[in-house]
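Next come the chains, spelled out residue by residue.
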Amino acid sequence: MKLRVSIVGASGYVGGEILRLLLGHSGVEVAQVTSRKLAGRFVHTAHPNLRSICQLQFSPLEELQDCDLLFLALPHGEAARQIDRFVRRAPKLIDLSADFRLRDPAAYKKWYGEPHPAPEWLARFTYGLPELHRSEIQSATCVSGVGCNATAVNLALWPLAKAGMIESVVADVKVGSSEGGAQFSLATHHAERSGSFRTYAATGHRHQAEIRQELGEIRLSMTVTAVEMVRGALATLHVFLREPVEEPILWQTYRQAYGREPFLRLVKDKSGIHRLPDPKLLAGANFCDIGFQRDPDSNRLVVISALDNLMKGAAGTAVQCLNLMSGFPEKQGLEFAGLHPA
């Protein structure tokens, strides 16, 4: 018997990606998809790539029925304000917003500028990054989504942080326009966005809270810049090590951490044009590619990670969590390899 899964907020980019993945998942039946603005309309009106593949129509949220697992793909703040309502509809939840990523209510208030709407629920959610919390996710009933920029940084740095190698980090993250979501604004207007490299968070990006939560209180400076691509995040991390480390030790550190991870790949070739990670190659795929280069004249290590912000940075990781929570093979529904050229 298939798992009955519904998606609240399915008309956005992340909701559409979850739907696309679930339609190809042999263990899942999509029961309902909701949208306030598009209720009654067919799914392909918001996600034209699903034309003739999905015959569902968007339902109003008020008509949400019981299911086995519920994805919440709502704007930040909405899931927390209605969490009691949603837990009555499904025994298991995966929330894609930032509402339940942080365990500390004080940290939420600091980074999001207001008290958490449901602080008593924070401890009930497991941070949904399988590479760091696999066993907890397997037994969890409530799992949070992850920030795409935080994921690019966390996965790149976690082996080094775990080994105690990091003195400080300067993170430069470049992101595509889909990170801004499906709702348009002046910042996403073509005349403003096209040809622009706009740094919109020179300091103070909210995803730093997730990084510090997962990696510890490392000395981190982070800048985020919007560039002219649709999908993708590329994190260039200038890691200042506590002491110089030879390359074989770095290889050993990453291989011990990620050698058996199904969606983590080490990319560090000596020739060709794809010697280091490139987000363009990961469009639609659930991989995070990680590479590194030592500075021979200092204790600086440059670590580069790339992912599709809508996949490994959001929907793909969420479906990976569904698999872990439901006893499916972890890679089920997530084996698309990406496109080249694209």
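Residues numbered from 1 in each chain as written. Predicted model: local features only at pLDDT ≥ 70, side-chain atom pairs only at ≥ 80, totals over all residues. Heavy atoms only, no water.

Caption draft 1: Summary view of the pattern of salt bridges. Counted according to the given criterion, the structure contains 17 salt bridges. The partner of Glu-114 in a salt bridge is Arg-81, and the shortest N-O contact between them spans 3.4 Å. With Glu-114 in the loop between helix H4 (105-112) and strand S5 (126-127) and Arg-81 in helix H2 (residues 78-81), the pair connects residues that are 33 residues apart, well separated along the chain. A salt bridge links Arg-300 to Asp-295, with the shortest nitrogen-to-oxygen separation between them at 3.4 Å. Accessibility expressed as a relative area gives 25% for Arg-300, which makes it partly exposed. Its relative accessible area of 17% is what places Asp-295 among the buried residues. Salt bridges here are not isolated pairs; linked through shared partners, they connect Glu-17, Arg-20, Arg-231 and Asp-308. (Salt bridge = Lys/Arg side-chain N within 4 Å of Asp/Glu carboxyl O. Helix = DSSP H or I, 4+ residues; strand = E, 2+ residues; numbered from the N terminus. Buried < 20%, exposed > 50% of the residue type's maximum accessible area, 1.4 Å probe, protein only.)

Caption draft 2: The pairing of strand S12 (residues 288-294), seen in detail. The buried count for S12 comes to five of seven residues, which makes it a mostly enclosed element. Relative to S12, strand S11 (residues 264-266) runs parallel, the two being bridged by three bridges. Within S12, the residue paired with Leu-266 across the bridge is Ile-290. Taken together, the seven bridges between S12 and strand S13 (residues 300-307) define a ladder with antiparallel strand orientation. In the strand pairing of S13, Gly-291 is matched with Ile-304. Once S12 ends, the chain turns through five residues before running back antiparallel as S13. (Pairing = 2+ DSSP bridges.)

Caption draft 3: Molecular detail of helix H9 (residues 247-258). Over its twelve residues, H9 runs 16 Å from end to end, which matches the ideal 16 Å to within 8%, given 1.5 Å per residue. Residues Leu-250, Trp-251, Thr-253, Tyr-254, Ala-257 and Tyr-258 constitute the buried set of H9. In an axial view of H9, the angular spread of the buried residues amounts to 160°, which keeps them on one side of the axis. Residues of H9 that are exposed and point more than 90 degrees away from the buried face comprise Pro-248, Arg-255 and Gln-256. On its buried face, H9 is in contact with helix H6 (148-162), S11, S12 and S13. (Expected span 1.5 Å × (residues − 1). Arc of directions from axis to C-beta. Contact = heavy atoms within 4.5 Å.)

Caption draft 4: Representation of the side chain of Glu-330 within the structure. Relative to the helices and strands, Glu-330 is located in the segment after helix H10 (311-326). Classification of Glu-330 as buried rests on a relative accessible area of 15%. At a separation of 2.8 Å, a polar atom in the side chain of Glu-330 contacts the side chain of Gln-320. Apart from residues lying up to four places away in sequence, Glu-330 is in contact with Pro-130, Arg-134, Pro-262, Phe-263, Gln-320, Asn-323 and Leu-324. (Polar contact = N/O pair within 3.5 Å; in protein donor to acceptor, adjacent residues only side chain to side chain.)

Caption draft 5: Main features of the nonpolar core. Among the nonpolar cores identified, the biggest contains 43 residues, and Leu-157, Leu-160, Leu-237, Val-239 and Val-303 are the most heavily contacted of them. Broken down by secondary-structure element, the contributors of at least two residues to this core are H6, strand S7 (166-175), helix H8 (207-215), strand S9 (219-226), strand S10 (233-241), H9, S12 and S13. Among the elements that line this core, the one with the most residues is H6, at eight residues. Excluding anything up to four places from it in sequence, Val-303 contacts Ala-156, Leu-160, Ala-235, Thr-236, Leu-237, Val-239, Tyr-254, Ile-290, Gly-291 and Phe-292. (Core = buried A, V, L, I, M, F, W, Y, C linked by side-chain atoms within 4.5 Å.)

Caption draft 6: Spotlight on unusual backbone geometry. Backbone torsion omega between His-340 and Pro-341 reads -5°, so that peptide bond is classified as cis. Assignment of secondary structure puts Pro-341 in the segment after H10. The backbone of Ser-52 sits at a positive phi, close to 70°, despite the residue not being glycine. Mapped onto the fold, Ser-52 is located in the loop between strand S2 (28-33) and strand S3 (69-72). Using a relative accessible area of 64% as the deciding quantity, one classes Ser-52 as exposed.

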